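Summary of the model geometry
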Amino acid sequence: MLQFTSKNVLLRIAEVGYSTDRKRKELISFLELVEELQSILGTEKVHFEDEKERLRQEIARLEQQLKVLESNQMIFPEEVERAKQIIKEELVKNGISVEVRMFAELIQSVKDVSWRRAIETFLGRKRFFIIVEGKYCYEAMKVLKDKKLYAANIVITDKLPDSEVVKGSAAEQLLIPNAEARKYANYLLNGIHLCESLEELHEYPKGGLTKDGMLAIRLHV
């Protein structure tokens, strides 16, 4: 007898030449295959819906970030925002109600906005270091350690020296009402002279910054 594939059997199921038993077996196999494919399609549909929702949320997040950028506001790292919230919640549990903010959030304004990008470039990730009142620094650090919040940093403001703003420095450009953030700004930026030219930068080997933000030099001499 000629050997036919299952496909041939199914296509010619009404014809003679195939045993009823074989037709039944092939039909059952086909139905099982259909059920399996339906199950796979159902699973894929769920995954597709999940992925569609994830993309929808991502688009919404990016649109929000675009609005923030268009309004010239800074976008803060999500992991640091999360760490801030956790620190605040844990401190409250211990009876401590204190402001928990990023350094950048405590900068009210830049006097001459033409220097803003250069100063932000120089500060880099330090803009997002977390500041709390000095006497609670240790407690905040302990929360970071206990909760394994390794993406965030606490400024140990209780160990920073008090200092006056140096005239002509990057620190002078920042208007900061918060006393702890002011200490941190002076610590980071008092030694950085704002230079209008490469020639002027050459005169400040201990620390100078040009407006393009690409020529920050700080030599310990």
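For the structure itself, look to the data block above.
Below is a short write-up of the structure. Just so we're clear, the structure is a prediction, and the values are computed from it rather than from any experiment. The written sequence of each chain sets the order in which its residues are numbered from 1. Residue-level local features of this predicted model are given only where pLDDT is at least 70; pairs of side-chain atoms are given and counted only at 80 or more, and the full residue set underlies all totals for whole chains, interfaces and linings. The side-chain numbers reported here are obtained from all heavy atoms of the structure, hydrogens and water having been left aside.

What to know about a nonpolar patch on the surface
Together, Leu27, Phe30, Leu31, Leu33, Leu37 and Ile40 make up an exposed nonpolar region whose accessible area comes to about 510 Å². Numbering of helices and strands runs from the N terminus; a helix is a DSSP stretch of H or I covering at least four residues, while a strand is a stretch of E covering at least two. Structurally, Ile40 is set in helix H2 (residues 20-70). Residues enter patches when they are more than 30% accessible in relative terms and free of salt bridges; like-charged ones are connected within 9 Å and nonpolar ones (Val, Leu, Ile, Met, Phe, Trp, Tyr) within 5 Å. Here the open area of atoms and residues is found with the Shrake-Rupley method and a 1.4 Å probe, where only the protein chains shown may cover a residue. Each reported salt bridge corresponds to a side-chain nitrogen of Lys or Arg within 4 Å of a carboxyl oxygen of Asp or Glu.

A few points about the packing of aromatic side chains
Aromatic rings from Phe, Tyr and Trp, with only the six-membered ring used for Trp, were paired whenever their centres fell within 6.5 Å, and each pair was classed as stacked if the ring planes differed by under 30 degrees, edge-to-face if by over 60, and tilted otherwise. Overall, the coordinates contain two aromatic pairs when judged by the stated rule. Seen in terms of ring centroids, Phe103 and Tyr184 are 5.0 Å apart; in terms of plane orientation they differ by 80°. Their pairing is edge-to-face. Of this pair, Phe103 sits in the loop between strand E1 (101-102) and strand E2 (109-110) while Tyr184 sits in helix H6 (residues 179-189), and the two are 81 residues apart along the sequence. Pair check on accessibility: Phe103 and Tyr184 agree, each one buried. Exposure categories follow from relative accessible area, calculated using a 1.4 Å probe and restricted to protein chains: below 20% of the type maximum is buried, above 50% is exposed, and the middle band is partly exposed.

With respect to the nonpolar core
Residues belong to a common nonpolar core when they are buried Ala, Val, Leu, Ile, Met, Phe, Trp, Tyr or Cys residues joined through side-chain atoms within 4.5 Å. Core analysis: the largest hydrophobic core is formed by 24 residues, its most contacted members being Phe103, Ile119, Ile131, Leu174, Ile176, Tyr184 and Leu189. Of all elements in the fold, only helix H4 (116-123) and H6 reach the threshold of two or more residues within this core. Apart from the residues within four sequence positions on either side, Leu174 is in contact with Ile107, Ser109, Val110, Ile119, Arg182, Ala185 and Leu189. Grouped together as the second largest cluster of nonpolar side chains are 20 residues, Ile96, Val100, Cys137 and Ile154 included. Whether two residues are in contact is decided by their heavy atoms, any of which lying within 4.5 Å being enough.

A closer look at the pattern of salt bridges
A complete count under the given rule lists twelve salt bridges for this structure. With a shortest N-O distance of 3.8 Å, Glu180 and Lys183 are connected by a salt bridge. Separated by three residues within a single helix, Glu180 and Lys183 lie in helix H6, roughly one turn from each other. Taken as a pair, Glu180 and Lys183 share a single burial class, namely buried. Here the residues in one salt-bridge network are Glu81, Lys84, Glu99, Arg101 and Glu105, joined through shared partners.

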